[in-house]
Structures are given as C-alpha cells and as structure tokens.
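A structural walkthrough
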Amino acid sequence: MYARKALVVLSGGQDSTTCLFWAKKHFQQVSALSFRYGQQHESEVQIAHDICAEANVPFFSLNVPLIGTLGSNSLTDKSIPMDAEKPADGLPNTFVPGRNLFFLSIAAVFARERGIFDIVTGVGQTDFSGYPDCRDTFIHSLNVTLNLAMDETFRIHTPLMWKDKAETWALADELGVFNLVRYRTLTCYRGIVGDGCGECPACKLRREGLEKYLRNRQANPSK
C-alpha cells in the first residue's frame, strides 16, 4: 500500500476503470475525477459515476470545454471523419491536443486542495494510438513540473504504462472486475458501451487485446 489517499483520473473506459480498482487495492481512500470536454462519447462520465457509486468511491466531474476546442480533432468535432487507422505520418485525428496535460494538471490542483498527492491515470505507451501525452517521458516530465509549480510532492502512478491491452485485461481479471470492465465500461469513441462499435481505433485496440487475453487464458487455465 503506497499511501492513505489517491485520486484516479477516470473516464469510464477499460483502462481507467481497471486503474480505479488497482487504486482501491493499493490505497486506503480513493476518489475519482472525470472531465466533460465536449467529447462525442460524453456518456462515459455517467458510466464513471455509476461505477464509482457501486464501488463506494467518491466521484467528481468537471466541465472543461475549452480543452476540446483548442485544437482540431474528431472526438469533439463531428464534422471531421474519424481516422480508422493511425496515419503513416503524423498523429491520428482522434488525438485531442493537450488533453492529458490539462487533465493531470487540473487533477493535481483538485487533489492538492483535498490533501491528496497521489494521482492515478490509465495512460500507457505499450499498446496505444500513438498519442505523445501517453508516453512515460511525458508523465515523468509533468510530475516534475507539477511539483515545481506547486512546491509539493505529487506522485503520478501509471499502472498500465508498460502493459499491452491483453495484459490490461489480465489485470482486470486479477482484480476481480473482468466482467464489469468488459460489459459496462465505455471505450468506444462513438459511445457504445461494452464491446463498442468495433470500428473506431479505441474499439480495435480493446478487441484485439481481449481476444489475445482470452486465447492466453484458454491455453493456460491455471494462470
């Protein structure tokens, strides 16, 4: 167990929900914070709220629409057709510029005011869409910056940083929330709960990881 209190940045998707239950295992008191930033799949916030209610975790949400309007992206602008695959050069247009930078910075201020200095986020660079603000170097850099900016000792925890999606499913299973994560979380950029639309980049990553994990589990039933 790391410390007494932690704040989880919770979207209601596979990764952050797995991290919520990871945090409940490692911290005595856990709270969760979600953001409304103009995302098309805003129903994820209600899902995050419902999961927290069942898990007995205090839940908070903040409206930060500016984040979705600063840059051009298909998650907040319905007029932009969503990239189905990562372009050969450049970032997919599902990338919301600065999203994790803003989320974690806001979360740190929010946490500080409540005496919380451990922040948990579901970002990872092993199996992702190429977003630069999911990388380990970014997280370490921002952690230093937040400490300098507020003269505090924040600790940003990234339980999934070096896990692929199959390993993330394995962690959810280990934590006893496999079915909850599979059927009740919202990863889909089009707002379809569970297995999602199967076509957007988030759904493809999720499905490929699930299929790999289920194959591994069937081949090694004792593990």
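All of the points below concern the structure found in this document. Since we're looking at a predicted model, the values are computed, not measured.

1. Considerations on the overall build of the protein
Across its full length, the protein carries eight helices and five strands. Each helix and strand of the protein, placed in order from N terminus to C terminus, yields the pattern β-α-β-α-β-α-α-β-α-β-α-α-α. Against the compact-globule benchmark of 17 Å for 223 residues, the protein has a radius of gyration of 17 Å, which places it among compact chains. Projected onto its principal axes, the C-alpha positions of the protein cover 45 × 45 × 30 Å. The burial tally for the protein puts 51% of its 223 residues in the buried class. A separation of at least 24 residues holds for 70% of the contacts in the protein among residues at least 6 apart in sequence. Accessible surface, the protein as shown: approximately 10,600 Å² in total, 51% of it carbon and sulfur.

2. Observations regarding the nonpolar core
Generally speaking, nonpolar side chains in soluble globular proteins are found buried as a group. By size, the foremost hydrophobic cluster in this structure holds 35 residues, and its most contacted members are Leu 7, Tyr 37, Leu 104, Ile 139, Leu 146, Tyr 189 and Cys 200. Taken together, the elements giving at least two residues each to this core come down to strand S1 (5-9), strand S2 (29-36), helix H4 (99-112), helix H5 (136-150) and helix H8 (201-219). Per-element tally for this core: the top contributor is H4, with six residues. Sequence-distant contacts of Tyr 189, that is, excluding residues within four places in its chain, are made with Gln 40, His 41, Leu 75, Met 82, Thr 94, Tyr 131, Cys 200, Pro 201 and Ala 202. Counting residues in hydrophobic clusters, the runner-up holds 33 residues, among them Val 8, Val 30, Ile 51 and Cys 52.

The rules we used
The residue numbers shown here count from 1 along each chain, following its written sequence. Confidence filtering applies because this is a predicted model: local features only for residues at pLDDT of at least 70, side-chain atom pairs given and counted only at 80 or more, and all residues used for totals across whole chains, interfaces and linings. Side-chain metrics rest on all non-hydrogen atoms present in the structure, leaving aside hydrogens and water. Secondary structure counts use DSSP, requiring at least four H or I residues in a row for a helix and at least two E residues in a row for a strand, with both numbered from the N terminus. It is over C-alpha atoms that the radius of gyration is taken, and the globule rule equals 2.2 Å times the number of residues to the power 0.38. Here's how the labels work: a residue is buried when its accessible area is under 20% of the maximum for its type, exposed when over 50%, partly exposed in between, all with a 1.4 Å probe on protein chains only. Throughout, a contact is declared for two residues whenever any of their heavy atoms are within 4.5 Å. Values of accessible area rely on a 1.4 Å probe in the Shrake-Rupley scheme; residue burial ignores everything except the protein chains shown. Only buried residues count toward a nonpolar core. Its members are Ala, Val, Leu, Ile, Met, Phe, Trp, Tyr and Cys residues joined through side-chain atoms within 4.5 Å.

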